[in-house]
Amino acid sequence: MSRLAQTHGLTEIQQEILSTVRDFVDKEIIPVATELEHRDEYPQDIVDGLKELGLFGLMIPEEYGGLGESLLTYALCVEEIARGWMSVSGIINTHFIVAYMLKQHGTQEQKDYFLPRMAAGEVRGAFSMSEPGLGSDVSAITSKAVKEGDEYVLNGQKMWLTNGGTSTLVAVLVRSDEGHPEGTAAHKSMTTFLIEKEPGFGEVRPGLTIPGKIDKMGYKGVDTTELIMQDLRIPANRVLGGETGRGFYQMMDGVEVGRVNVAARGCGVAQRAFELGVSYAQQRHTFGKPIAQHQAIQFKLAEMATKVEAAHAMMVNAARKKDSGERNDLEAGMAKYLASEYCKEVVEDAFRIHGGYGFSKEYEIERLYREAPMLLIGEGTAEIQKMIIGRRLLEEYRVQG
Ligand SMILES: Cc1cc2nc3c(=O)[nH]c(=O)nc-3n(C[C@H](O)[C@H](O)[C@H](O)COP(=O)(O)OP(=O)(O)OC[C@H]3O[C@@H](n4cnc5c(N)ncnc54)[C@H](O)[C@@H]3O)c2cc1C
C-alpha cells in the first residue's frame, strides 16, 4: 500500500533504510507472522534478520557502533514492522527505550560498557516500572533498594516485563530512600538500576527470578513476564547515571519516546487492517456485486483510510518535534492516544468487512483484532494520555491575572 501514510521530506538514507525494512517485512515477517503468533513462538529467525539489518542499533550513536538515526527514522521503521507483526516491534521497543535512557542519562562508563553490545543486538534490553499492584501510578512503587557498602540490596516484585525472559539487561525502577530525607516526594526517591542477567526463566542471577511467560490474549511470540528480586545485590556503579533519586525522570523520558513508538505501532497495525479490508471488500460478493460497491462498505473504507492518514501525520509530527530538540510530551501523548484509538477502530471495521471469516483463525484480521487493544494500555493508558494532554494544555493556555 503506497498511497497512504506517505512521509515527505525524508533524506535518501532514510528512504533507503525504510525500503529495506519494508522489503524485509513483506518477505520475512508477513508470510510467517500469524502461524508463529498462534503458536506463541519467539520469532528467532526474524530477530536474527533484524540484527543483521542493524535495527537494534538504529538510534545508538555511531561512536558506539550504531547507525545514529533519528527518532523519526526509528518510528517509521517501527510502523513498517508493526504492519507485518506487532510483536516484532515489541521486541525492539524495550531495547530501544533502554538504549535511549543509557544514551541520555548513563555515565560514560555505562555507555562504553553497554551501548556497543546493544547496537550489535548482543545485549538486549527490557525495562520495568510496573508491579502487581500498580501500572499507571508509578509513584506507588514498593520495590526497594537499600545501600550496603558499595552495593545495593533490592527486594520486590515487578510485573509485565516485555522481553523479560529474552533480555540480558533490565532497567528496573525501585524506591531508594538512601540519601534522601524522610518525606521526600515519591518521584524524587526513585532510582533506575541496570541489572544484567542471563536470558531464560527461573533464577537467572542470584536473587533474581523470572518465573515464566504470562499467557496473553494477543501480542504473542514476544515474552512478557514477572520479575522477582530477593536480596538481589547490585553494585553502586549500576545506578543509571551514577546518582540515586533520578530514576523517575529517567524512566519518564524513556516512556516519552516510547509513546511515539506505540503511536507508530498503531499506525502500522491500522495500515495492515486497511490493506486487508480494502482487498477483501473487492473480492467478496453480495447481492450481485463486490461488497466494496455497497456505499456502506465504501464509507467504512473512507473512514479507515482517513484515520490511517491522520494517525500517521500526528506520529510523524511528534517524532520530528523530539528530533528538533523541542519538548514533545504534548504531541507524543496526542499521537499515542489518537493512533491507538484509531487503530482499534480501523481494525474493528476491517473485521466487520470480513463478515464471518474475520472470526476464523485462517484470516490475518483475527490476529490484528487481538493485538490492537494492547496499544490502548502500553506506555500509559488512554486516560493517562488525556491527563498529560490536559495538564499541558492548561500550562500553554493559562489565563493570566
Ligand atoms: C502486554 C503488556 C506489556 C507490558 N509491558 C510493560 C513493560 O515492558 N514494562 C512495564 O513497566 N510495564 C509494562 N506493561 C504494563 C503497562 O504499562 C500497564 O499495564 C499500564 O501502565 C496500565 O497499568 P495497570 O495495568 O496497572 O492499570 P491501572 O493503573 O490499574 O489502571 C486501571 C484502569 O484505571 C484507569 N486509571 C488509572 N488511573 C487513573 C486516573 N488517575 N484517572 C482516570 N483513570 C485512571 C486506567 O486508565 C485503566 O483504565 C505492559 C502491559 C501489558 C498488557
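Residue indices follow the written sequence of each chain, beginning from 1 at its first position. With pLDDT at 70 or above as the cut-off, local features in this predicted model cover only qualifying residues; side-chain atom pairs require 80 or more to be listed or tallied, and sums for whole chains, interfaces and linings still use all residues. The basis for every side-chain value is the complete set of heavy atoms in the structure, and neither hydrogens nor water enter the calculation.

Going by an unreviewed UniProt entry, the protein chain carries the name (2S)-methylsuccinyl-CoA dehydrogenase and comes from Streptomyces indicus. UniProt positions are given in the numbering used here, feature names are shortened, and annotations may be inferred rather than shown by experiment. The UniProt entry for the protein chain carries the following text under Sequence similarities (unreviewed entry): "Belongs to the acyl-CoA dehydrogenase family." Under the heading Cofactor (unreviewed entry), UniProt records this for the protein chain: "FAD".

Chemist: Run through the overall build of the protein chain, naming residues and quoting values.
Modeler: Looking only at helices and strands, the protein chain features ten helices and ten strands. Once the C-alpha set of the protein chain is aligned to its principal axes, its extents read approximately 80 × 60 × 40 Å. Here the protein chain, with 401 residues, has 56% of them falling under the buried criterion. Throughout, a residue-residue contact means that at least one pair of heavy atoms, one from each residue, lies within 4.5 Å. Long-range contacts, defined as pairs at least 24 residues apart, comprise 75% of the intrachain contacts of the protein chain with a sequence gap of at least 6. Summed over its atoms, the accessible surface of the protein chain is roughly 17400 Å², and 51% of this surface lies on carbon and sulfur atoms. Charge assignment: positive for Lys and Arg, negative for Asp and Glu; neither His nor the chain ends contribute. Here the site of a charge means atom NZ of a Lys, CZ of an Arg, CG of an Asp or CD of a Glu. Counting 44 positive and 57 negative side-chain charges, the protein chain places the averaged centre of each group 4 Å from the other. Strands are runs of DSSP state E lasting at least 2 residues, helices are runs of H or I lasting at least 4, and numbering of each runs from the N terminus. Working definition: with a 1.4 Å probe on protein chains only, accessible area under 20% of the residue-type maximum means buried, over 50% means exposed, and in between means partly exposed. Computed by Shrake-Rupley with a 1.4 Å probe, the accessible areas treat only the displayed protein chains as cover when residues are assessed.

Chemist: Which residues make up the side chain of Thr225, and what are the values?
Modeler: Relative to the assigned elements, Thr225 resides in strand S8 (residues 224-235). In this structure Thr225 comes out as buried when scored by relative accessible area, which is 0%. Apart from residues lying up to four places away in sequence, Thr225 is in contact with Met159, Trp160, Leu161, Gly164, Gly165, Phe201, Ile210, Gly212, Lys213 and Ile214.

Chemist: If you had to explain the nonpolar core to someone new, which residues and values would you point to?
Modeler: Nine residue types can take part in a nonpolar core, namely buried Ala, Val, Leu, Ile, Met, Phe, Trp, Tyr and Cys, and a core is a set of them joined through side-chain atoms within 4.5 Å. Core analysis: the biggest nonpolar cluster contains 104 residues, and Ile29, Leu50, Ile81, Leu102 and Met118 have the highest contact counts within it. A per-element tally of this core places helix H6 (residues 247-283) first, with 17 residues. Discounting chain neighbours no more than four positions away, the residues touching Leu50 are Phe24, Leu55, Phe56, Ile81, Val88 and Ile92. Core analysis: the next-biggest nonpolar cluster, separate from the first, contains 18 residues, Val174, Met229, Leu232 and Ile234 among them.

Chemist: So what's going on with the UniProt feature "domain: Acyl-CoA dehydrogenase/oxidase N-terminal" (unreviewed entry) in the protein chain? Residues and values would help.
Modeler: UniProt's entry tags residues 11-122 with the feature "domain: Acyl-CoA dehydrogenase/oxidase N-terminal" (unreviewed entry), counted in the numbering of this structure. This span, residues 11-122, is 74% helix and 0% strand, and a straight line between its end C-alpha atoms measures 29 Å.

Chemist: Please give an account of the packing of aromatic side chains that cites residues and values.
Modeler: Note on aromatic contacts: the rings of Phe and Tyr and the six-membered ring of Trp form a pair at centre separations within 6.5 Å, being stacked when their planes are under 30 degrees apart, edge-to-face when over 60 apart, and tilted otherwise. In the structure shown here, the tally under the stated rule is eight aromatic pairs. Here the aromatic rings of Tyr152 and Phe193 are separated by 5.1 Å at their centres, their planes lie at 65 degrees, and the arrangement is edge-to-face. Linking Tyr152 in strand S3 (residues 151-162) with Phe193 in strand S5 (residues 190-196), this pair joins segments that are 41 residues apart in sequence. With relative accessibility at 4%, the residue Tyr152 sits in the buried group. Aromatic ring contacts, followed pair by pair, group Tyr280, Tyr357 and Tyr363 into a single cluster. Placement of a positive charge over a ring is assigned whenever Lys NZ or Arg CZ falls within 6 Å of the ring centre and within 35 degrees of the normal to the ring plane. Here Arg117 stacks its cationic end above the ring of Tyr113, 4.6 Å away from the centre of that ring.

Chemist: Report on the layout of surface pockets, specifying residues and quantitative values.
Modeler: A 1.4 Å probe that fits but cannot get out identifies a cavity on a 1 Å grid over protein atoms alone, an open set with protein on both sides within 12 Å along at least five of seven lines counts as a pocket, and a residue lines either if it has an atom within 4 Å of a point. Grid points are joined across faces, edges and corners, and a volume is the space filled by probe spheres set on the points. Approximately 1300 Å³ is the volume attributed to the largest pocket. If you trace the largest pocket, you find 43 residues lining it, with Ile377, Gly378, Glu379, Gly380 and Thr381 closest to the centre. For the lining of the largest pocket, the secondary-structure elements that each account for two or more residues are helix H4 (86-105), strand S1 (125-128), S3, H6, helix H9 (364-375) and helix H10 (382-396). If you tally residues by element for the lining of the largest pocket, the top one is H6, at eight residues.

Chemist: Report on the environment of Pro61, specifying residues and quantitative values.
Modeler: As for its position among the elements, Pro61 is in the loop between helix H2 (44-53) and helix H3 (71-84). Owing to a relative accessible area of 19%, Pro61 belongs among the buried residues under this scheme. Sequence separation between Pro61 and Met387 is 326 residues, and the spatial gap between their C-alpha atoms is 33 Å. Aside from chain neighbours lying at most four places away, what touches Pro61 is Gly66, Gly68 and Lys103.

Chemist: Could you give an account of the environment of Glu148, naming the residues involved and the relevant values?
Modeler: Tracing the backbone through its elements, the reader meets Glu148 in strand S2 (residues 144-148). As for Glu148 and Arg320, which are separated by 172 residues in sequence, their C-alpha atoms are 44 Å apart. Setting aside chain neighbours within four positions, we find Glu148 in contact with Val153 and Arg233. Polar contacts here mean pairs of N or O atoms no more than 3.5 Å apart (in protein, one a potential hydrogen donor and the other a potential acceptor; neighbouring residues in sequence count only if both atoms are side-chain atoms). A polar contact of 2.7 Å, which involves the side chain of Glu148, links it to the side chain of Arg233.

Chemist: Give a description of helix H1 (residues 12-38) that names residues and reports values.
Modeler: Multiplying 1.5 Å by the residue count of a helix minus one yields the expected span of that helix. Look at H1: 38 Å from first C-alpha to last across 27 residues, which is about the 39 Å you get at 1.5 Å a residue. The sharpest bend along H1 reaches about 45 degrees and sits at Ile29, with the proline Pro31 one to four residues further on. The complete set of buried residues in H1 reads Gln14, Ile17, Leu18, Val21, Phe24, Val25, Ile29, Ile30, Ala33, Thr34, Leu36 and Glu37. Buried positions along H1 lie against H2, H3, H4, H6 and H9. Directly beyond the C-terminal end of H1, a positive phi value near 55 degrees is found at Asp40. We define the bend at any residue as the angle between the axes fitted to the seven residues before and including it, ending there, and the seven starting there.

Chemist: Please provide a residue-by-residue account of the domain arrangement of the protein chain, values included.
Modeler: Domain parsing of the protein chain yields domain 1 (12-119), domain 2 (125-244) and domain 3 (249-396). The start and end points of each domain follow an automatic or database-based domain assignment. Inter-centroid distance (C-alpha atoms) of domain 1 to domain 2 is 23 Å. Taken together, the contact between domain 1 and domain 2 spans 25 residues of the former and 24 residues of the latter. Summed over both partners, the accessible area lost on bringing two parts together, with a 1.4 Å probe, is the buried area. Regarding the contact of domain 1 and domain 2, the summed buried area is about 2000 Å², with carbon and sulfur atoms giving 61% of it. When the area that domain 1 buries against domain 2 is broken down by residue, the three leading residues are Asp40, Thr94 and Phe114, summing to 26%. What counts as a salt bridge is simple: a side-chain nitrogen of Lys or Arg found within 4 Å of a carboxyl oxygen of Asp or Glu. The interface formed by domain 1 and domain 2 holds two salt bridges in total. For the salt bridge of Asp40 with Lys213, the shortest nitrogen-to-oxygen distance reads 3.8 Å. At the boundary of domain 1 and domain 2, one finds 14 residue pairs in polar contact (both at pLDDT 80 or more). For the side of domain 1 that touches domain 2, the secondary-structure elements that each account for two or more residues are H4 and helix H5 (108-119). At eleven residues, H4 tops the list of elements feeding residues into the side of domain 1 that touches domain 2. A per-class count over the side of domain 1 that touches domain 2 returns twelve nonpolar, eight polar and five charged. Throughout this entry, Asp, Glu, Lys and Arg are counted as charged residues, while Ala, Val, Leu, Ile, Met, Phe, Trp, Tyr, Cys and Pro are counted as nonpolar. The remaining residues, Gly among them, count as polar.

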